[in-house]
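# Secondary and tertiary structure notes
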Amino acid sequence: MPAPTLSLRLHRFATPLLAMLLSSPVLAMQSPWWENYDKRDEYICPRKGPIVLERNDSQASLLNDGVRSTFFREPSSGLGVRYRNDRTTLILRGDELTLEQLPQRLVCVRTEDV
(Lines give C-alpha, C1' and ligand atoms only; values in the text may rest on other atoms or scores of the structure.)
Protein backbone atom coordinates (compact mmCIF):
# COMPACT_ATOMS: atom_id res chain seq x y z
CA MET A 1 0.00 0.00 0.00
CA PRO A 2 1.46 3.41 -0.94
CA ALA A 3 2.36 5.90 1.78
CA PRO A 4 -0.21 8.66 2.39
CA THR A 5 0.43 11.76 0.36
CA LEU A 6 1.54 14.96 2.04
CA SER A 7 -1.86 16.60 1.53
CA LEU A 8 -3.62 13.67 3.21
CA ARG A 9 -1.21 13.81 6.17
CA LEU A 10 -1.70 17.58 6.47
CA HIS A 11 -5.47 17.16 6.31
CA ARG A 12 -5.40 14.65 9.18
CA PHE A 13 -3.37 17.12 11.26
CA ALA A 14 -5.13 20.32 10.19
CA THR A 15 -8.71 19.18 10.75
CA PRO A 16 -8.41 18.59 14.54
CA LEU A 17 -6.21 21.68 14.89
CA LEU A 18 -8.74 23.83 13.04
CA ALA A 19 -11.58 22.45 15.15
CA MET A 20 -9.63 23.23 18.30
CA LEU A 21 -8.84 26.78 17.17
CA LEU A 22 -12.41 27.52 16.12
CA SER A 23 -13.76 26.31 19.46
CA SER A 24 -11.33 28.50 21.37
CA PRO A 25 -13.12 31.02 23.63
CA VAL A 26 -10.82 33.78 22.39
CA LEU A 27 -11.83 33.25 18.76
CA ALA A 28 -15.48 32.74 19.69
CA MET A 29 -15.52 36.31 21.01
CA GLN A 30 -14.54 37.78 17.64
CA SER A 31 -16.99 38.01 14.75
CA PRO A 32 -15.72 37.19 11.27
CA TRP A 33 -14.86 40.35 9.32
CA TRP A 34 -17.31 39.53 6.50
CA GLU A 35 -20.34 39.69 8.80
CA ASN A 36 -19.74 43.41 9.32
CA TYR A 37 -22.01 43.95 12.34
CA ASP A 38 -22.56 47.67 12.78
CA LYS A 39 -24.40 47.49 16.11
CA ARG A 40 -23.28 45.74 19.32
CA ASP A 41 -25.34 45.77 22.52
CA GLU A 42 -25.08 44.04 25.87
CA TYR A 43 -28.17 42.68 27.62
CA ILE A 44 -28.78 41.13 31.02
CA CYS A 45 -31.12 38.15 31.07
CA PRO A 46 -32.74 36.34 33.98
CA ARG A 47 -31.21 32.86 34.45
CA LYS A 48 -28.73 33.50 31.61
CA GLY A 49 -26.71 36.47 32.84
CA PRO A 50 -25.05 38.86 30.38
CA ILE A 51 -25.28 38.30 26.63
CA VAL A 52 -23.99 40.30 23.67
CA LEU A 53 -26.01 40.87 20.49
CA GLU A 54 -24.25 42.01 17.34
CA ARG A 55 -26.41 42.84 14.35
CA ASN A 56 -26.83 44.49 10.99
CA ASP A 57 -29.78 44.80 8.61
CA SER A 58 -29.55 41.16 7.49
CA GLN A 59 -28.41 39.07 10.41
CA ALA A 60 -27.53 38.96 14.10
CA SER A 61 -25.11 37.06 16.28
CA LEU A 62 -25.83 36.24 19.92
CA LEU A 63 -22.90 35.53 22.25
CA ASN A 64 -23.63 33.77 25.54
CA ASP A 65 -21.02 31.99 27.70
CA GLY A 66 -18.53 31.81 24.82
CA VAL A 67 -21.07 30.25 22.45
CA ARG A 68 -22.05 32.19 19.34
CA SER A 69 -25.37 31.66 17.52
CA THR A 70 -26.29 33.24 14.19
CA PHE A 71 -29.77 34.53 13.31
CA PHE A 72 -31.20 35.91 10.09
CA ARG A 73 -33.53 38.87 9.78
CA GLU A 74 -37.12 38.04 9.02
CA PRO A 75 -39.87 40.37 7.87
CA SER A 76 -42.11 41.51 10.69
CA SER A 77 -45.44 43.23 10.50
CA GLY A 78 -45.60 43.66 14.28
CA LEU A 79 -43.60 45.75 16.66
CA GLY A 80 -39.88 45.25 16.82
CA VAL A 81 -37.13 43.81 14.70
CA ARG A 82 -37.06 40.01 14.38
CA TYR A 83 -34.17 37.61 13.77
CA ARG A 84 -34.51 33.84 13.64
CA ASN A 85 -32.51 30.63 13.42
CA ASP A 86 -33.77 27.04 13.38
CA ARG A 87 -34.62 27.02 17.12
CA THR A 88 -34.96 30.56 18.44
CA THR A 89 -36.51 33.91 17.54
CA LEU A 90 -35.00 37.19 18.75
CA ILE A 91 -37.32 40.18 18.99
CA LEU A 92 -35.88 43.66 19.58
CA ARG A 93 -38.16 46.36 20.95
CA GLY A 94 -36.35 49.43 22.25
CA ASP A 95 -34.16 48.34 25.18
CA GLU A 96 -35.76 44.88 25.42
CA LEU A 97 -34.60 41.72 23.70
CA THR A 98 -36.96 38.76 23.80
CA LEU A 99 -35.52 35.28 23.24
CA GLU A 100 -38.34 33.03 22.18
CA GLN A 101 -37.97 29.27 22.05
CA LEU A 102 -41.60 28.31 22.39
CA PRO A 103 -43.11 27.58 24.82
CA GLN A 104 -40.34 29.45 26.67
CA ARG A 105 -39.87 33.19 26.42
CA LEU A 106 -37.11 35.17 28.10
CA VAL A 107 -37.04 38.99 28.21
CA CYS A 108 -33.62 40.65 28.55
CA VAL A 109 -32.83 44.33 29.13
CA ARG A 110 -30.09 46.31 27.39
CA THR A 111 -27.39 47.47 29.78
CA GLU A 112 -25.11 49.54 27.57
CA ASP A 113 -23.47 49.80 24.18
CA VAL A 114 -20.32 47.70 24.14
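To start, this report covers the structure provided alongside it.

How each quantity is defined
- Residues numbered from 1 in each chain as written.
- Predicted model: local features only at pLDDT ≥ 70, side-chain atom pairs only at ≥ 80, totals over all residues.
- Heavy atoms only, no water.
- Salt bridge = Lys/Arg side-chain N within 4 Å of Asp/Glu carboxyl O.
- Helix = DSSP H or I, 4+ residues; strand = E, 2+ residues; numbered from the N terminus.
- Buried < 20%, exposed > 50% of the residue type's maximum accessible area, 1.4 Å probe, protein only.
- 1 Å grid on protein atoms, 1.4 Å probe; cavity = no way out; pocket = protein on both sides within 12 Å on 5 of 7 lines; lining within 4 Å.
- Points joined across faces, edges and corners; volume = space filled by probe spheres on them.
- Nonpolar A, V, L, I, M, F, W, Y, C, P; charged D, E, K, R; others polar.
- Disulfide = S-S within 2.5 Å.
- Core = buried A, V, L, I, M, F, W, Y, C linked by side-chain atoms within 4.5 Å.
- Contact = heavy atoms within 4.5 Å.
- Pairing = 2+ DSSP bridges.

Further remarks concern the pattern of salt bridges. In the structure shown here, the tally under the stated rule is seven salt bridges. For the salt bridge of Glu54 with Arg68, the shortest nitrogen-to-oxygen distance reads 2.9 Å. Of the two residues, Glu54 is situated in strand S2 (residues 49–55) and Arg68 in strand S4 (residues 67–74); the sequence distance between them amounts to 14 residues. The buried category is assigned to Glu54, whose relative accessible area is 7%. One network of salt bridges, with partners in common, ties together Lys39, Asp41 and Arg55.

Moving on, we get to the layout of surface pockets. Volume-wise, the largest pocket comes out at about 300 Å³. If you go around the largest pocket, you meet 16 residues; those closest to its centre are Lys48, Leu62, Thr88, Leu99 and Gln101. Its residues assigned to classes, the lining of the largest pocket comprises five nonpolar, six polar and five charged.

This brings us to unusual backbone geometry. Peptide bonds are trans in most cases, and residues, glycine excluded, mostly fall at negative phi. Residue Leu102 is joined to Pro103 through a cis peptide bond whose omega torsion reads 10 degrees. At Arg47, a position not held by glycine, the phi torsion is positive, near 65 degrees. Topologically, Arg47 is positioned in the loop between strand S1 (39–45) and S2. One non-glycine residue, Asp65, lies in the positive phi region at around 55 degrees. For Asp65, the position within the fold is in the loop between strand S3 (59–64) and S4.

Glancing now at the state of the cysteines. All chains considered together, the criterion is met by one disulfide. Across the disulfide from Cys45 sits Cys108; the S-S distance is 2.0 Å. Every disulfide takes its handedness from the sign of the S-S torsion; for Cys45 and Cys108 that torsion is 110 degrees, giving right-handed. Taken as a pair, Cys45 in strand S1 and Cys108 in strand S8 (residues 104–113) lie far apart in primary sequence, 63 residues in all. Under the relative-accessibility criterion, Cys45 is labelled buried at 5%.

Here we come to the nonpolar core. Ile51, Leu53, Leu62, Leu90, Leu97, Leu99 and Cys108 are the most contacted members of the largest nonpolar core, which has 14 residues in total. Contributing elements (two or more residues each) for this core: S1, S2, S3, strand S6 (89–93), strand S7 (96–101) and S8. Those residues in contact with Cys108 that lie beyond four places of it in its chain are Tyr43, Ile44, Cys45, Ile51, Asp95, Glu96, Leu97 and Leu99.

This part takes up the pairing of S4. As paired elements, S3 and S4 share six bridges and run antiparallel to each other. Bridge pairing in S4 places Asn64 opposite Val67. If you look at the hairpin formed by S3 and S4, you'll find two residues sitting between the two strands, and Asp65 has a positive phi there, around 55 degrees. Relative to strand S5 (residues 81–84), S4 runs antiparallel, the two being bridged by three bridges. Opposite Glu74, over in S5, you have Arg82 as the bridge partner. What sits between the antiparallel neighbours S4 and S5 is a turn of six residues, in which Gly80 has the positive phi angle 95 degrees.

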